[in-house]
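# An overview of the molecular structure
Below are the chains, spelled out letter by letter.
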Amino acid sequence: MKSSVKESVLNIDNLVKSYGSVKALDGVSFQVRAGEFLALLGPNGAGKTTLFQLLTGLFVADEGKILVMGQDIRHNVVNVLAKIGVVFQQPTLDLDLTVRANLNFHARLHGMRGSKARQRISEELERLGILDSADQVCRSLSGGNRRKVELARALLHEPRILLMDEATVGLDPASRRMLVDYVYELCVTRDLAVVWTTHLVDETERARQVVVLHKGHVLARGTPAELLAHTGEKNMTDAFLSLTGNSSGESEINIQQVK
Amino acid sequence: MTGGHALRALLAVTSREVVKFWHQKGRLLSALVRPALWLVVFAAGFQNVFGVSIIPPYETYIEYQVYIVPGLLGMVLLFNGMQSSLAMVYDREMGIMRLLLTAPLPRWFLLFGKLVAGTFLSVLQAYAFLALCAVFKVDIPWSGWLYAFPVLLLGGLMLGSLGLLLSVYVKQLENFAGTMNFVIFPMFFMSTALYPLWKLQESGAEWVYQLARFNPFAHAVELIRFALYGQFNLQSFWVVLIALGIFFLLAVRGYDPQRGFVKRVKRPG
């Protein structure tokens, strides 16, 4: 026994979402436990963004369930959102406001008091090493630092689940590395469950669980080692290509996680 | 949602709008120049063309300038309501809307926060215009400043929720010019802002007259006109209040994740 098995904080069960005749998601299921990094790997158009919109309550699934710490998002969206931190693919900073003002806006939306908000903002910025920039206007920040501010913002209200949607798109290699490392570390230090969507295979190599999404279907699910073993490839890139390349998107390969 | 949480969020949304407005000095300027032009130039040109007879709430003959002040106050509210709608569309394109809608608060409350924030700016601009009227020595009773407050607020909320509703359907910023043509101008001209209703009827433009009678903007203008003289127009009050309710409910419906934004296709069975 390595460690006691933790309860899953995010339970996704058989999600279906269509836009007209196009099925953006077709029966997607997975679970994430506290402290676990789940990489959602898929090419563009795989359904990652749709899944994100469902997870953040922006849209409602046609079928299936999303349970966050046992609560159904359909019935308790407000409670659920309080437990989730999100970094969207598209930047969502108000570029004309300072870093602090952006974070403060978020803190107030989450109902934090002034003193608590100030304290939390400083803590998160300090850990990310950008406290010096707190009073700068966001427009003056580099792309990497803007993303850090968005990450700090997503963590302000101490969520149990962190959702990162293609968070490294457009970043330089150093910033990308830093962001990935930082989030991996968060899983350990804060027991945070992370859902990290990406189309960059190298970001998934240290994940506890990789879910390969393709045309709205889960093609494969397991640890990186299991995916390698299953496909018979030597690295994750080849494994990913072999999974998405020769599939029609019909058959689901199940690699259950070793418990 | 606790009371404290709701209040903090409301203040956050409102102060963000105010700060943004403060940064855009040009916006206040254009919000004042537009009605000022009407007041000074248009009213001067038409002073002798329109003879305004004595109609309630006026007790004597009045200058045309005095007649159009309530209409121009309405115009300030109308333009700012549309501007808020534009800001919603802009926020949606910039992704900031997503951030707002993923806050742990009921969606109707977040939209209400946006509405309150926009209305606050509307009322602020309306008072700035009233001050301008005083500078131009347009004869508006000082007590009217006080009486106008609740109706400016109500009118601002109604036109703001119309803007909110439009933001559901205006998908892109570029379409805003179309909104101007199809919403602002008809609402403004088919109203009592520039001429009393009987003028429309007298001129034989029956259908314009009928439309104007049911135009909520016209009722907002009348509500303001009466309030400036310490009187209360009950009929207009109800029309504005009901329009506010309908527009806001439809806007909330439009932003509902199950119905709005993207048309939901019915599943078979």
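Since the model is a prediction, treat every value here as computed from it, not as a measurement.

For the rest of this paragraph, the subject is the overall build of chain A. Looking only at helices and strands, one finds eight helices and 10 strands in chain A. In terms of principal-axis extent, the alpha carbons of chain A reach across some 50 × 45 × 40 Å. A total of 259 residues make up chain A; the buried ones form 45% of that total. A separation of at least 24 residues holds for 69% of the contacts in chain A among residues at least 6 apart in sequence.

With that out of the way, let us pick up the overall build of chain B. When its secondary structure is counted, chain B shows 11 helices and zero strands. Going from the N terminus to the C terminus, chain B shows its helices and strands as α-α-α-α-α-α-α-α-α-α-α. The globule rule puts the C-alpha radius of gyration for 269 residues at 18 Å, and the 19 Å found for chain B is close to it. Its C-alpha atoms give chain B principal-axis dimensions of roughly 60 × 45 × 35 Å. Counting the 269 residues in chain B, one finds 43% classified as buried. Restricting to contacts in chain B with at least 6 residues of sequence separation, those with at least 24 account for 80%.

So, about the interface of chain B and chain A. Contacts between the two partners involve 24 residues from chain B, matched on the other side by 24 residues from chain A. Those elements that provide at least two residues to the side of chain B that touches chain A are α1 (3–23) and α4 (96–101) of chain B. In terms of residue count, α1 of chain B provides more of the side of chain B that touches chain A than any other element does, eight residues in total. Partitioning the side of chain B that touches chain A into residue classes produces 14 nonpolar, six polar and four charged.

Bringing the sheet that holds strand β7 (residues 161–165) of chain A into the picture now. All names here are of chain A. As summarised here, the arrangement of the six strands in space is β6-β7-β8-β3-β9-β10, forming an open sheet in which the pairing is mixed. This sheet does not close on itself; its edge strands, each paired only once, are β6 (84–87) and β10 (217–222). Geometrically, the sheet is characterised by an average inter-axis angle of 15 degrees between neighbouring strands, direction not taken into account. The strands touched by helix α5 (residues 143–155) are β6 and β7; relative to β6, the strand with the most contacts, the crossing angle is about 165 degrees.

Below, the discussion takes up the confidence of the model for chain A. In this model, chain A carries a mean pLDDT of 89, and residues with pLDDT of at least 70 account for 93%. Here residues 247–259 of chain A is a poorly scored stretch, pLDDT under 50, and it has 22 contacts once near neighbours within four places are set aside; other chains count.

The next subject is the pairing of β6 of chain A. All names here are of chain A. Here β6 shows two buried faces, one formed by Ile-84 and Val-86 and the other by Gly-85 and Val-87. By the bridge criterion, four bridges tie β6 to β7 in an arrangement that is parallel. Across the sheet, residue Ile-84 finds its bridge partner in β7, namely Ile-161.

Residues Leu-38 and Val-194 of chain A together with Met-158 and Ile-224 of chain B are the most contacted members of the largest nonpolar core, which totals 153 residues. Here the element with the most residues in this core is helix α3 (residues 64–94) of chain B; it accounts for 15 residues. The residues touching Met-158 of chain B, leaving out its near neighbours within four places in the chain, are Pro-216, Ala-220, Val-240, Ala-243, Leu-244 and Phe-247 of chain B.

Moving on: the packing of helix α6 (residues 142–169) of chain B against helix α11 (residues 234–254) of chain B. All names here are of chain B. At a closest axis distance of 8 Å, the pairing of α6 and α11 adopts a crossing angle of 30 degrees. It follows from the interaxial angle that α6 and α11 lie roughly parallel. In the packing of α6 onto α11, the handedness of the crossing is left-handed. Here Leu-154, Gly-155, Leu-157, Met-158, Ser-161, Leu-162, Leu-164, Leu-165 and Val-168 of α6 lie close against α11, whose contacting residues are Val-240, Leu-241, Ala-243, Leu-244, Phe-247, Phe-248, Leu-250, Ala-251 and Gly-254. Each residue belonging to the contact of α6 with α11 can be placed in one class, and the counts come to 15 nonpolar, three polar and no charged.

Parameters and conventions
Residues numbered from 1 in each chain as written. Chains lettered and ligands numbered in written order. Predicted model: local features only at pLDDT ≥ 70, side-chain atom pairs only at ≥ 80, totals over all residues. Helix = DSSP H or I, 4+ residues; strand = E, 2+ residues; numbered from the N terminus. Buried ≥ 20, exposed ≤ 12 C-beta atoms within 10 Å, placed from the backbone. Contact = placed C-beta atoms within 7 Å. Rg over C-alpha atoms; globule rule 2.2 N^0.38 Å. Nonpolar A, V, L, I, M, F, W, Y, C, P; charged D, E, K, R; others polar. Pairing = 2+ DSSP bridges. Axes fitted to C-alpha atoms, helices over the stretch in contact; angles between N-to-C directions. pLDDT = per-residue confidence, 0-100. Core = buried A, V, L, I, M, F, W, Y, C linked by C-beta atoms within 7 Å. Parallel < 35°, antiparallel > 145°, perpendicular 65-115°, else oblique. Left-handed = near helix turned anticlockwise from the far one by under 90°.

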